[in-house]
Every structure is written in structure tokens, then in C-alpha cells.
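# Overview (structure and organization)
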Amino acid sequence: MNSSSGRSGMDRGALLAASVTVVLWASAFVSIRASADYFEPGALALGRLLTGSLALVCLLLAKGGGVPPRKAWPGIVGSGVLWFGVYMVVLNWGEQLVDAGTASMVVNVGPMVVALLGGWFLKEGFPPLLLAGMAVSFVGAVVVGFSSSGGGSSSVLGLGLCLLAAVAYGAGVVLQKPALRHATPIQVTTYGCLIGAVACLPFSGQLVSDLSRAPLSATLNVVYLGLFPTALAFTTWAYALSRTTAGKMGATTYAVPAVVVLISWLALDEVPGWVTLLGGAICLGGVAVSRMPGFRRRGPEETAEPVAGVETAR
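Residues numbered from 1 in each chain as written. Predicted model: local features only at pLDDT ≥ 70, side-chain atom pairs only at ≥ 80, totals over all residues. Heavy atoms only, no water.

### With respect to the overall build of the protein
In plain terms, the rule: Only DSSP runs of H or I reaching four residues or more are called helices, and only runs of E reaching two or more are called strands; each is numbered from the N terminus. Burial here depends on accessible area, computed with a 1.4 Å probe over protein chains only, as a share of the maximum for the residue type. Under 20% is buried, over 50% is exposed, and the range in between is partly exposed. Contact criterion: two residues are considered in contact whenever any of their non-hydrogen atoms come within 4.5 Å of each other. All accessibility values rest on the Shrake-Rupley procedure with a 1.4 Å probe; residue burial counts only the protein chains present in the view.
When you go through the protein residue by residue, the secondary structure sums to 13 helices and zero strands. Secondary structure of the protein in N-to-C order comes out as α-α-α-α-α-α-α-α-α-α-α-α-α. Expressed as a percentage of the 314 residues in the protein, the buried residues total 53%. Sequence-distant contacts in the protein: of pairs separated by 6 or more residues, those separated by 24 or more amount to 90%. When the accessible surface of the protein is totalled, it reaches about 13,200 Å², and 70% of it is carbon and sulfur.

This is the structure we're talking about:
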């Protein structure tokens, strides 16, 4: 196989994996919203992570993945605590206060957070368009929060929690990207999920209590969240991130809110109002401004590099 065809095949594989991630992560917002009446935020996160960890460990053992090398562990631990742990708990809490579509729009500021943290920790700099995009997205987030709360405090809190989730997500991506230089996607995802589950163990008693009262449909929702938006979608994300640039991967998540709104309409009969949609569009517009090509300096972390152990998959 010549290099051009190999590169083309790799891009198609990354695109397919990213598409799977987008659809499954969009469905997660709806499933979390549907489970909010039966599971507390920490309990839902722990149940999801335990289910995902079990599935991922079985897959890792079947593939003979083994333990990641030492150099991968800082990124795995950091992303495990922040992305699998903090992000999921905070997002679950936020979705008790705002609808699924609104939550997905605010959390989708995450790609801009990736760029901001990359400027600090990956030495990518702070281009003017990044700062301008941050300001625009902040205005959009305020519009979303107040439109869904009617000026009340509960949804403003939900907005703040979703923004915190976006920060945790952005930090997780920045930490995960270097780890993928040294470990395979399945290793990074499995051990990150396990670390997130350990971080959520203080919610064990709450999970047992909620499971004893929740209907079967809600419990199956938790299992779905663990198997598909967690075990499968985080693995396809890591696979795609290891084979393409962070910028391209961030761009794929812009589609999540639209898919969430569609799924919410079909499954929950829940669609954000026009002002909320406008605020979400402003959020996404700010993200788009911050990621405009040709103006943002390309950093070392946005150079696509084959990850150890997957070169033969081309």
C-alpha cells in the first residue's frame, strides 16, 4: 500500500469513528435526562462507569492489551479523573436543571476550552480569534442560561455546571492526547474509565439505594450509558484522536447539539425554545470563530502521529 492510500484509509477510519462518537454522545445527553428522576448525579456516573469499565476490561483482555507504558500514565490518570469522573458527575447534575439540548449546546464550548488549555499547556499560544471566540461563546452561554431559567437561579446553576463540565472535558482531551502517543486507544480508554470509576466510589451507597428504587427501564438506561456512550464512544473517540489532529476532532463535536435536539424531540418531546436555540447558536459561533483555519498557530499536539501498536491497522 502506498502512503497516499494508507493516509486516505486512515482518514476514513477516523471519520467513521468520530461519527459513531458524535451519535452516541448525543444519545447520552438524552439518556442522562431520562434518568434524572431516578438516579442522583454521582450514582448515575458511578453506575455508568462501572458498566463501561466491565465491558472495556473484557475487551482489553480479549485483545491482550496489557498495561500502558509509564509515560502514558500521567495523561490517563488526569483524563480519567477529570473527563470520566468530574465531567460525568457535573454533567448529570447540570442536566437535572436544564434540558438535554441546552446542556449539549453549553458543553459544546469544550472544543474552545481545548484550544485555550492547549495554548497554556501545549504551548500553542493565544491567537486573537481564540480570545474573541471565548467572548462570543460566553455571551451565548448567558443567553442560554437565562432563557431556560426565566431569570431564576436553578437553571443558571445548571448553566454553570454545564460550563464546568465543558472545562473538565477540555482538560481531559488535552491530557489524553499525549497519552495516545505511548498507549493504544483501548488502553487509554479502559484505564481512564477505571480511574474515573474509582474516583466516583464515594457514591457507592447512593447507587445501591437508587438501584433499589429505580424502575427497570431506568436501570437499563444506566447500562446503555455504560456500554455505548462510554465504552464504545470513548474508544472510538480515542481511536480517531490518535489518527487525526485535535482541531479536526474538535470540529466533529459541533454536530452533537443538533443530534441531541433531534433525539430529544423524538424520545422526550423536549425541544429548547427559540431564544435558547439562538443562545446555543451564539455559543457554537464563538467556538467556530476560535477554531477558524489559517489564523490559529498549529501546535505540536496537533500533528497527527500514529500511536504505538496501531500502525498495522492502516
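### Re the packing of helix H2 (residues 41-63) against helix H10 (residues 216-243)
To be explicit about the condition: Fitted lines through C-alpha atoms serve as axes, helices being fitted only where they are in contact, and the angles separating the N-to-C directions of these axes extend from 0 to 180 degrees. For classification, angles of less than 35 degrees are called roughly parallel, those exceeding 145 degrees roughly antiparallel, those between 65 and 115 degrees roughly perpendicular, and all remaining angles oblique. Left-handed describes a crossing whose near helix is turned anticlockwise from the far helix by less than a right angle; the clockwise case is right-handed. Asp, Glu, Lys and Arg are counted as charged, while Ala, Val, Leu, Ile, Met, Phe, Trp, Tyr, Cys and Pro are counted as nonpolar; the rest, among them Gly, fall into the polar class.
The N-to-C vectors of H2 and H10 enclose an angle of 55°; their axes lie 7 Å apart at closest approach. Between H2 and H10, the angle falls in the class oblique. Considering how the two elements wind past one another, H2 and H10 form a crossing that is right-handed. Contact residues: H2 offers Leu44, Gly47, Arg48, Thr51, Gly52, Ala55 and Leu56, while H10 offers Val222, Val223, Leu225, Gly226, Leu227, Pro229, Thr230, Ala231, Phe234 and Thr235. Classifying every residue of the contact of H2 with H10 gives 10 nonpolar, six polar and one charged.

### Let's talk about the environment of Leu59
Along the chain, Leu59 falls in helix H2. For the pair Leu59 and Ala231, spaced 172 residues apart in sequence, the C-alpha separation works out to 9.6 Å.

### Things to note about H2
Going by this rule: Multiplying one less than the number of residues by 1.5 Å gives the expected span of a helix.
Look at H2: 33 Å from first C-alpha to last across 23 residues, which is about the 33 Å you get at 1.5 Å a residue. Two residues or fewer past H2, Gly64 is found with a positive phi of approximately 65°.

### Overview of the pattern of salt bridges
Using the following cut-off: Salt bridges are defined as contacts in which a side-chain nitrogen from Lys or Arg sits within 4 Å of a carboxyl oxygen from Asp or Glu.
Scanning the model with the defined rule gives one salt bridge in all. Notably, a salt bridge pairs Asp210 with Arg213, separated by 3.2 Å at the nearest N-O pair. Taken as a pair, Asp210 and Arg213 lie in helix H9 (residues 204-213) at a separation of three residues, close to a single helical turn. By relative accessible area, Asp210 is classed as buried at 4%. Arg213 sits in the exposed class, given a relative accessible area of 61%.

### Section: the nonpolar core
Stated formally: Residues enter a nonpolar core if they are buried and are Ala, Val, Leu, Ile, Met, Phe, Trp, Tyr or Cys, with the set joined through side-chain atoms within 4.5 Å.
Formed by 66 residues in total, the largest nonpolar core has its most connected members in Phe29, Trp83 and Tyr87. Among the secondary structure elements, those contributing two or more residues to this core are helix H1 (3-35), H2, helix H3 (73-94), helix H4 (100-107), helix H5 (110-121), helix H7 (153-179), helix H8 (185-199) and H10.

### A closer look at H5
Every α-helical turn comprises 3.6 residues, leaving residues that sit three or four positions apart pointing alike. The terminal C-alpha atoms of H5, which comprises 12 residues, lie 16 Å apart, in line with the 16 Å expected from a rise of 1.5 Å per residue. With respect to burial, H5 is a largely interior element, 10 of its 12 residues being buried. All of the buried residues in H5 are Gly110, Pro111, Met112, Val113, Val114, Ala115, Leu116, Leu117, Gly118 and Gly119.

### Here's the deal with the side chain of Ser31
By secondary structure assignment, the location of Ser31 is in helix H1. Residues in contact with Ser31, not counting those within four places in the same chain, are Asn221, Tyr224 and Leu225.

### Here we look at the side chain of Asp210
The condition is simple: Counting of polar contacts relies on pairs of N or O atoms within 3.5 Å, with two restrictions inside protein: one atom must be capable of donating a hydrogen and the other of accepting it, and residues adjacent in sequence are counted only when both atoms are side-chain atoms.
Separated by 2.9 Å, the side chain of Asp210 and the backbone nitrogen of Glu40 make a polar contact. In contact with Asp210, other than residues within four places in its own chain, are Tyr38, Phe39, Glu40 and Ala43.

### A word on a nonpolar patch on the surface
Definition in use: Exposure above 30% relative accessible area and no salt bridge define the residues that can form patches, which grow by joining like charges within 9 Å and nonpolar side chains of Val, Leu, Ile, Met, Phe, Trp and Tyr within 5 Å.
A cluster of nonpolar side chains, Leu216, Leu220, Val223, Leu227, Phe228 and Leu232, forms an exposed patch at the surface whose accessible area comes to about 510 Å². Mapped onto the elements, Leu232 comes out in helix H10.

### Observations concerning the confidence of the model for the protein
Rule in force here: Residue-level confidence of the predictor, termed pLDDT, takes values from 0 up to 100.
Chain-level statistics for the protein give a pLDDT mean of 80 and a share of 75% at 70 or above. Predicted confidence for residues 1-10 stays below pLDDT 50, and this span has four contacts to residues more than four positions away or in other chains. Confidence drops under pLDDT 50 across residues 294-314; counting only partners more than four residues distant or on other chains, this segment forms 55 contacts.

### Considerations on the packing of aromatic side chains
To keep it simple, the criterion reads: Note on aromatic contacts: the rings of Phe and Tyr and the six-membered ring of Trp form a pair at centre separations within 6.5 Å, being stacked when their planes are under 30 degrees apart, edge-to-face when over 60 apart, and tilted otherwise.
Under the counting rule described, the total for this entry stands at 11 aromatic pairs. Ring centres of Trp83 and Tyr169 lie 5.6 Å apart, and the angle between their planes is 45°; on these two criteria the pair is classed as tilted. With a gap of 86 residues between them, Trp83 in helix H3 and Tyr169 in helix H7 connect regions that are remote in the sequence. The two residues Trp83 and Tyr169 agree in class, both being buried. Between Tyr87 and Tyr169, the aromatic rings sit 6.4 Å apart at their centres with planes inclined by 55°, giving tilted as the arrangement. Of this pair, Tyr87 sits in helix H3 while Tyr169 sits in helix H7, and the two are 82 residues apart along the sequence.

### Quick notes on the packing of H2 against H8
Packed helices, taken two at a time, are described by the angle their axes make and the gap between the axes. At a closest axis distance of 9 Å, the pairing of H2 and H8 adopts a crossing angle of 145°. For the pair H2 and H8, the crossing hand works out as left-handed. Taken together, the residues of H8 that come into contact with H2 (itself represented by Leu46, Leu49, Leu50, Gly52, Ser53, Leu56, Val57, Leu59 and Leu60) are Ile186, Gln187, Thr189, Thr190, Tyr191, Cys193, Leu194, Gly196 and Ala197.

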